[in-house]
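This is what each chain is made of:
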Amino acid sequence: MANNSPKFKRILLKLSGEALMGEEDYGIDPKIINRIATEIHEIHEMGVEIGIVIGGGNIFRGAGLAKSGIDRVTGDHMGMLATVMNSLALQNAIEKAGSKVRVMSAIQIHEVCEDYIRRKAIRHLEKGNIAVFAAGIGNPFFTTDSAASLRAIEIDAQIVLKATKVDGVYSADPVTNPSAVKYDELSYDEVIEKKLAVMDTAAVVLCRDQGMPLRIFNMGISGALKQIIQGESIGTIVNN
């Protein structure tokens, strides 16, 4: 039995842009973002300091745009702006739920959010604000997975919690392969060697080299995030 006190003092939550779509084909489903915001507010009320990185795949994805003929660097910049849009939407939803939020962007866009400055981000967390880190790391060719790993290390988080649409890491796609095996625990090197779709390789290597544990779980399961914060083994843990 897990107790009600949080196991973690500071976390980095990685959300995909697709997670905000719900049953929609693109964009943001208000019901989904409000539920996610409520769950984030609940763990914030437990005293957990929360940094968030969110993707932009529900609006634009740089690699996908490149396949359609758009220059990759231009496409990645469009993807960064999409993450800013998602970050602002999440900020609004979480503040409606009752927690204070600061959006910090890796690219300058002063009219809508702050610049990302590491020491200022840590100060926001210490003051009780949730920090949403937008625009990836501010450079093309790096995914928001890499941004999540980097920001987690920079803010000295205890763990990266990656929210997905499946309840952990499997040996194959469980949707198309019913015999796929779920892993409860993996090492960083196993993830890389088996080419498992956890996070992109650069993000996994960064976590491995800095000893940052990852937990992959299904944010679509109501209450899963809170259970993890309370110490339950939900999803798949990746560590040394």
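Scroll up for the structure.
Peer 1: I tried to follow helix H4 (residues 118-126) on my own but got confused; where do I start?
Peer 2: Ala121, Ile122, His124 and Leu125 are the residues of H4 that are buried. Down the axis of H4, the buried side of the element spans an arc of 155 degrees, and every buried residue falls inside it. Of the surrounding elements, those touching the buried residues of H4 are strand E1 (10-15), strand E2 (49-54), strand E3 (101-105), strand E4 (114-115), strand E5 (130-134) and helix H5 (144-154). Of the residues one or two after H4, Gly128 is the one with positive phi, at around 95 degrees.

Peer 1: So what exactly am I meant to see when it comes to helix H3 (residues 72-97) here?
Peer 2: Each full turn of the α-helix corresponds to 3.6 residues, which orients residues three or four apart in the same direction. The end-to-end C-alpha distance of H3, which contains 26 residues, comes to 37 Å, matching closely the 38 Å that a straight helix rising 1.5 Å per residue would cover. Looking at where H3 begins, the residue whose side-chain oxygen comes 3.2 Å from the main-chain nitrogen of Val73 is Asp71. Looking one or two residues past H3, Gly98 carries a phi angle of roughly 125 degrees, positive in sign.

Peer 1: How should I be thinking about the sheet that holds strand E11 (residues 236-239) in this particular structure?
Peer 2: Adjacent strands of a sheet form backbone hydrogen bonds with each other and so pair up, either parallel or antiparallel. Here we have nine strands laid out as an open sheet, ordered E4-E3-E5-E2-E1-E6-E10-E11-E9, and mixed in their pairing. The open sheet has two edge strands with one neighbour each: E4 and strand E9 (185-187). When E9 meets E11, the two strands line up parallel, connected through three bridges. The partner of Ser187 across the bridge, within E11, is Asn239.

Peer 1: Is there a simple way to explain the pattern of salt bridges in this structure?
Peer 2: Pairing is possible between side chains that carry opposite charge, provided their charged atoms lie close to one another. The final tally for this structure, using the stated rule, is 11 salt bridges. The salt bridge partner of Glu114 is Lys120, with a shortest N-O separation of 3.5 Å. Given the relative accessible area of 39%, Lys120 is considered partly exposed. Linking Glu154 and Arg151 is a salt bridge whose minimum nitrogen-to-oxygen distance equals 2.8 Å. Of this pair, Glu154 and Arg151 both sit in helix H5, three residues apart, roughly one helical turn.

Peer 1: What is the right way to look at the pairing of E5 in this model?
Peer 2: Consecutive side chains of a regular strand alternate in pointing toward one face of the sheet and then the other. Within E5, five of the five residues are buried, leaving the element largely enclosed by the surrounding structure. Taking every second residue as pointing to the same face, both faces of E5 are buried, with Ile130, Val132 and Ala134 on one and Ala131 and Phe133 on the other. Pairing analysis gives five bridges linking E3 to E5, with the strands arranged parallel. Looking at E5, one finds that Arg102 is bridged to Ala131.

Basis of the calculations
- Residues numbered from 1 in each chain as written.
- Predicted model: local features only at pLDDT ≥ 70, side-chain atom pairs only at ≥ 80, totals over all residues.
- Heavy atoms only, no water.
- Buried < 20%, exposed > 50% of the residue type's maximum accessible area, 1.4 Å probe, protein only.
- Helix = DSSP H or I, 4+ residues; strand = E, 2+ residues; numbered from the N terminus.
- Arc of directions from axis to C-beta.
- Contact = heavy atoms within 4.5 Å.
- Expected span 1.5 Å × (residues − 1).
- Polar contact = N/O pair within 3.5 Å; in protein donor to acceptor, adjacent residues only side chain to side chain.
- Pairing = 2+ DSSP bridges.
- Salt bridge = Lys/Arg side-chain N within 4 Å of Asp/Glu carboxyl O.

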